[in-house]
Amino acid sequence: MNNYKTPWMTEELSILFDNIKKFAEQELLPDSEKWREQGYVDRDAWLKVGSMGILCASVPEAYGGMGGNFYHEAVINDALVKAGLQSGIGLGAGVHSHIVAHYILAYGTEEQKNKWLPKMASGELIGAIGMTEPGTGSDLQSLKVSAIKDGDSYIVNGQKTFI
């Protein structure tokens, strides 16, 4: 067995790793096969994961996150995998925490950040993204889907794949 320890692994990160791994083994792993079979992760799992600080760990505390950085995210992901779960637990937690939350953090208004990020960090809201469309692949400049504001809602026209 390889006993290599990365040079950036601090005592704090080691404790985080141990806590997340133990939590995942006890609270998530027993249900992981059921989630794979049903094609989605139960809602209460998102809330459990949020309560452990697994979601949006690199989002500032002011917006409900842990205030961590990439190292925290890497340690959390590593702990989940080493607990025997697929990366992201099949939750889409990586997309939720690393992509959607950071789009909101970088480009959202203060109102949007305060409205969405704390609930994403707690697992009350689940972030997703749909960028690819049939016939366009990853060519984001060829997208054809439109979203038209209709009162307090949007009407989305078109198709998305790999959401």
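Residues numbered from 1 in each chain as written. Predicted model: local features only at pLDDT ≥ 70, side-chain atom pairs only at ≥ 80, totals over all residues. Heavy atoms only, no water.

Here's the deal with the pattern of salt bridges
A complete count under the given rule lists six salt bridges for this structure. Note that glutamate 27 and lysine 48 form a salt bridge whose closest N and O atoms lie 3.2 Å from each other. With glutamate 27 in helix α1 (residues 11-38) and lysine 48 in helix α2 (residues 43-51), this residue pair connects regions lying 21 residues apart in the sequence. Looking at glutamate 27, the relative accessible area reads 32%, which means it is partly exposed. Two residues, lysine 34 and aspartate 42, come together in a salt bridge whose shortest N-O distance is 2.5 Å. Classification of lysine 34 by relative accessible area gives partly exposed; the value is 38%. (Salt bridge = Lys/Arg side-chain N within 4 Å of Asp/Glu carboxyl O. Helix = DSSP H or I, 4+ residues; strand = E, 2+ residues; numbered from the N terminus. Buried < 20%, exposed > 50% of the residue type's maximum accessible area, 1.4 Å probe, protein only.)

With respect to the nonpolar core
Ile20, Leu28, Ile54, Ile76 and Leu80 are the most contacted members of the largest nonpolar core, which has 23 residues in total. Mapped by element, the contributors of at least two residues to this core are α1, α2 and α3 (70-82). With eight residues, the single largest contributor to this core is α1. Excluding anything up to four places from it in sequence, isoleucine 20 contacts Met52, Ile54, Ile76, Ala79 and Leu80. In this structure, Cys56, Ile104, Leu117 and Met120 belong to the second largest nonpolar core, which totals ten residues. (Core = buried A, V, L, I, M, F, W, Y, C linked by side-chain atoms within 4.5 Å. Contact = heavy atoms within 4.5 Å.)

Examining the layout of surface pockets
Estimated volume of the largest pocket: approximately 390 Å³. Lining the largest pocket are 15 residues, with Tyr4, Met9, Phe17, Asp78 and Lys82 sitting closest to its centre. Counting only elements with at least two residues in the lining of the largest pocket, the list comes to α1 and α3. Split by residue class, the lining of the largest pocket holds seven nonpolar, four polar and four charged. Roughly 290 Å³ of internal volume is contained in the second largest pocket. In terms of lining, the second largest pocket is formed by Gly130, Met131, Leu140, Leu143, Val145, Ala147, Tyr154, Val156 and Lys160. (1 Å grid on protein atoms, 1.4 Å probe; cavity = no way out; pocket = protein on both sides within 12 Å on 5 of 7 lines; lining within 4 Å. Points joined across faces, edges and corners; volume = space filled by probe spheres on them. Nonpolar A, V, L, I, M, F, W, Y, C, P; charged D, E, K, R; others polar.)

Regarding helix α4 (residues 93-107)
The terminal C-alpha atoms of α4 lie 20 Å apart, and with 15 residues this matches the ideal 21 Å at 1.5 Å per residue to within 8%. Most pronounced at alanine 101, the bend in α4 amounts to some 25°. All of the buried residues along α4 are Ala93, His96, Ser97, Val100, Ala101, Ile104 and Leu105. Where the residues of α4 are buried, they touch α2 and α5 (110-122). (Expected span 1.5 Å × (residues − 1). Bend = angle between axes of the 7 residues up to and from the residue.)

Points about the environment of isoleucine 15
With respect to the element layout, isoleucine 15 can be found in helix α1. A relative accessible area of 43% means that isoleucine 15 is categorised as partly exposed.

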